[in-house]
Amino acid sequence: MRAARCEAYGGPSTIVIHDIPAPEVTPGHVLVDVAAAAVNFPDLLFIADQYQVSAELPFTPGSEFAGRVAEVGEGVTHVAVGDPVHGSVFSGAMAEQVLAPATSVARVPEGLSMVEAAAFRVTYLTAYHALITAGGLQPGQWVVVLGAAGGVGTAAVDIATRLGARVIAAASSAERLEVCRELGAEAGIDYTSEDLKARIKELTGDGADLVLDPVGDRWAEPALRATRWGGTFVTIGFAGGDIPKIPLNLVLLKNVTLRGLELRTWTVRLAEETARAQAGLAELVAQGMRPAVSEVHELDDVALALQRVADRTPTGKVVISIGSSEATQQQRSQS
Ligand SMILES: NC(=O)c1ccc[n+]([C@@H]2O[C@H](COP(=O)([O-])OP(=O)(O)OC[C@H]3O[C@@H](n4cnc5c(N)ncnc54)[C@H](OP(=O)(O)O)[C@@H]3O)[C@@H](O)[C@H]2O)c1
């Protein structure tokens, strides 16, 4: 099968496309014919060997995919051969076939195309867990989303707005904030030119009820300082580069709940909560919610797709359509 390969750690240009043996199905796993794979920020960290856990060379990047079940391993009962599924893996999604643990594979919610389904699982499940499972979001609450024009960010703005929250988006330009406004954000803050803490306080009065932070770096602390007494701050990632060191007196004095969220382990350790989140998301999809996909590239252009994300250029999600697959045919019929 054809697959993107990382054979030496480095930037996107080091990725090559090779023929490699297809994976074989094992107990508790599902083999999927991949129709589309989404690019996620951690893919860049994996190929540069900067993620918390190293991927051993050589490997196929890609942690999120949609496609059809080709084979199921012993003990797998929730999906069958031919089912449309989407899922997440540590690596391996940017290939014609991927082997995934059964716990990380679910049926595609009714109404999503393969490209949309590939772009949906990681960002929307992460955003939903952050907002609802960790954040306990209630209608009418003020939610601040950092990195709001990115993958997790657009998903969070979308879900929070649909659930009746008042969303403040923070991003790095007026154009990127406009994308968030179109998704339903009530206000936007350009955190590269405005005072993030002062603006959040000005807009909310009392401070944010809930902050979602996929960026970290120098923006986490001012956002925490602008969280209201008794509010919640959810740390999701560090796309800004540095992992912030937070003075704990801020957490104490404000009685803030500080939550961490790592989807990879949540889907296994919090299976019931994850099933509830998936049901909640399926309901929102039935009401018309769709992920914001801004670019679709072919498998041959994985390096370009990764470079676009590294350059911080796209809004929403970048997706790889795999070969002459179902995703490509769906894209053609839609254009
Ligand atoms: N905890 C989990 O389970 C989980 C799940 C998914 C993702 N994540 C993490 O969440 C973060 C965001 O993921 P994503 O898929 O949303 O990524 P993404 O689509 O690339 O979005 C990240 C956003 O961060 C902002 N940003 C600020 N400084 C940046 C910098 N120096 N380089 C790149 N972007 C920068 C960018 O928006 P502006 O230019 O507008 O600032 C960008 O839109 C990543 O750290 C990822 O590892 C964690």
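Predicted model, so just to flag it, every value in this text is computed and none were measured. (Residues numbered from 1 in each chain as written. Predicted model: local features only at pLDDT ≥ 70, side-chain atom pairs only at ≥ 80, totals over all residues. Heavy atoms only, no water.)

Thoughts on the domain arrangement of the protein chain
Threshold: Boundaries between domains were set according to an automatic or database domain assignment. Contact criterion: two residues are considered in contact whenever any of their non-hydrogen atoms come within 4.5 Å of each other. Accessible area that two parts lose when put together, with a 1.4 Å probe and added across both, is what the buried area reports.
Here the protein chain is described as being made up of domain 1 (2–120 + 291–334) and domain 2 (123–264). Between domain 1 and domain 2, the C-alpha centre-to-centre distance is 28 Å. Each partner contributes to the interface: domain 1 provides 16 residues, whereas domain 2 provides 14 residues. Summing both sides of the interface, domain 1 and domain 2 together bury roughly 1100 Å²; the carbon and sulfur share of this comes to 54%.

Side note on the site of the ligand
Note the following rule: Any residue with at least one heavy atom within 4 Å of a molecule or strand is counted as near it. Each polar contact in these results corresponds to two N or O atoms within 3.5 Å; when the atoms are within protein, one needs to be able to donate a hydrogen and the other to accept it, and residues that are neighboring in sequence are counted only if both atoms are side-chain atoms. Here the accessible surface of atoms and residues is derived via Shrake-Rupley with a 1.4 Å probe, and residues count as covered only by protein chains that are part of the display. Elements are defined by DSSP. Helices are runs of H or I of four residues or more, strands are runs of E of two residues or more, and each kind is numbered from the N terminus. Three classes are used: nonpolar for Ala, Val, Leu, Ile, Met, Phe, Trp, Tyr, Cys and Pro, charged for Asp, Glu, Lys and Arg, and polar for all others, with Gly counted as polar.
Neighbouring the ligand are 24 residues; Ser 172, Tyr 191, Leu 261, Leu 263 and Arg 312 lie closest to it. Within the backbone of Leu 263, a nitrogen or oxygen atom sits 2.7 Å from an oxygen atom of the ligand. For the ligand, whose free accessible area comes to 900 Å², the fraction covered by protein is 88%. At the level of elements, α1 (41–47), α3 (121–134) and α4 (151–162) are the ones that each hand at least two residues to the shell around the ligand. Residues belonging to the shell around the ligand are distributed by class as follows: 14 nonpolar, seven polar and three charged. Two domains each put at least three residues into the shell around the ligand: domain 1 (2–120 + 291–334) and domain 2 (123–264).

Quick look at the pairing of strand β9 (residues 166–171)
Convention followed: Per-residue accessibility, obtained with a 1.4 Å probe over protein chains only, is compared with the maximum for each type, and a residue is labelled buried under 20%, exposed over 50%, and partly exposed between these values. We treat two strands as partners when DSSP finds at least two bridges between them. A crossover counts as right-handed when, viewed with the strands pointing away from the observer, the path leading from the first strand over the helix to the second turns clockwise.
Most of β9 is tucked away: five of the six residues are buried. When strand β8 (residues 142–146) meets β9, the two strands line up parallel, connected through five bridges. Pairing of Trp 142 across the sheet is with Arg 166, part of β9. In this fold, the crossover linking β8 to β9 by way of α4 has right-handed handedness. Here β9 pairs with strand β10 (residues 187–190) via four bridges, running parallel. Within the sheet, the bridge partner assigned to Ile 168 lies in β10 and is Ala 187. This β-α-β element, β9 to helix α5 (residues 174–182) to β10, shows right-handed connectivity.

Some words on the packing of α3 against α4
This is how it is decided: To get an axis, fit a line to the C-alpha atoms, keeping to the stretch in contact for a helix; angles then go from 0 to 180 degrees between the N-to-C directions. Should an angle lie under 35 degrees it is considered roughly parallel, over 145 roughly antiparallel, and from 65 to 115 roughly perpendicular; all remaining angles are considered oblique. By the definition used in this description, the sense in which the near helix is turned from the far one sets the handedness, with an anticlockwise turn below a right angle giving left-handed and a clockwise turn giving right-handed.
Packing of α3 against α4 leaves a shortest axis separation of 8 Å and a crossing angle of 55°. Here α3 lies oblique to α4, going by the angle between them. Relative to α4, the crossing made by α3 is right-handed. The residues of α4 that touch α3, namely those facing Thr 123, Tyr 124, Thr 126, Ala 127, Tyr 128 and Leu 131, are Gly 151, Val 152, Ala 155, Ala 156, Asp 158, Ile 159 and Ala 160. In the contact of α3 with α4, the residues fall into nine nonpolar, three polar and one charged.

Observations concerning the environment of Pro 23
Structurally, Pro 23 can be placed in the loop between β2 (16–19) and β3 (29–39). Overall, Pro 23 belongs to the partly exposed group, its relative accessible area being 24%. Sequence separation between Pro 23 and Gly 92 is 69 residues; the distance between their C-alpha atoms is 9.8 Å. Apart from the residues within four sequence positions on either side, Pro 23 is in contact with Met 1, Leu 31, Gln 97, Val 98 and Leu 99.

As for the sheet that holds strand β12 (residues 227–235)
If you walk across this open sheet you meet the six strands as β10-β9-β8-β11-β12-β13, and the pairing is parallel. The sheet is open, and its two borders are formed by β10 and β13 (257–260), each paired with just one other strand. Between one strand axis and the next, the sheet turns through 15° on average, direction left out of account. Packing against the sheet, α3 makes contact with β8, β11 (208–213), β12 and β13, and its axis sits at approximately 150° to β11.

Some details on the side chain of Gln 141
With respect to the helices, strands and loops of the structure, Gln 141 is situated in the loop between α3 and β8. Beyond its immediate chain neighbours, meaning those up to four positions away, Gln 141 contacts Gly 136, Ala 165, Arg 166, Asp 209 and Arg 228.

Overview of unusual backbone geometry
Looking along the chain, the bond that leaves Leu 57 and enters Pro 58 is cis, with omega of -15°. Of note, Pro 58 is situated in the loop between α1 and β4 (64–72). Within the chain, Arg 312 stands out as a residue other than glycine whose phi angle is a positive 65°. Residue position: Arg 312 is located in the loop between α11 (302–310) and β15 (317–321).

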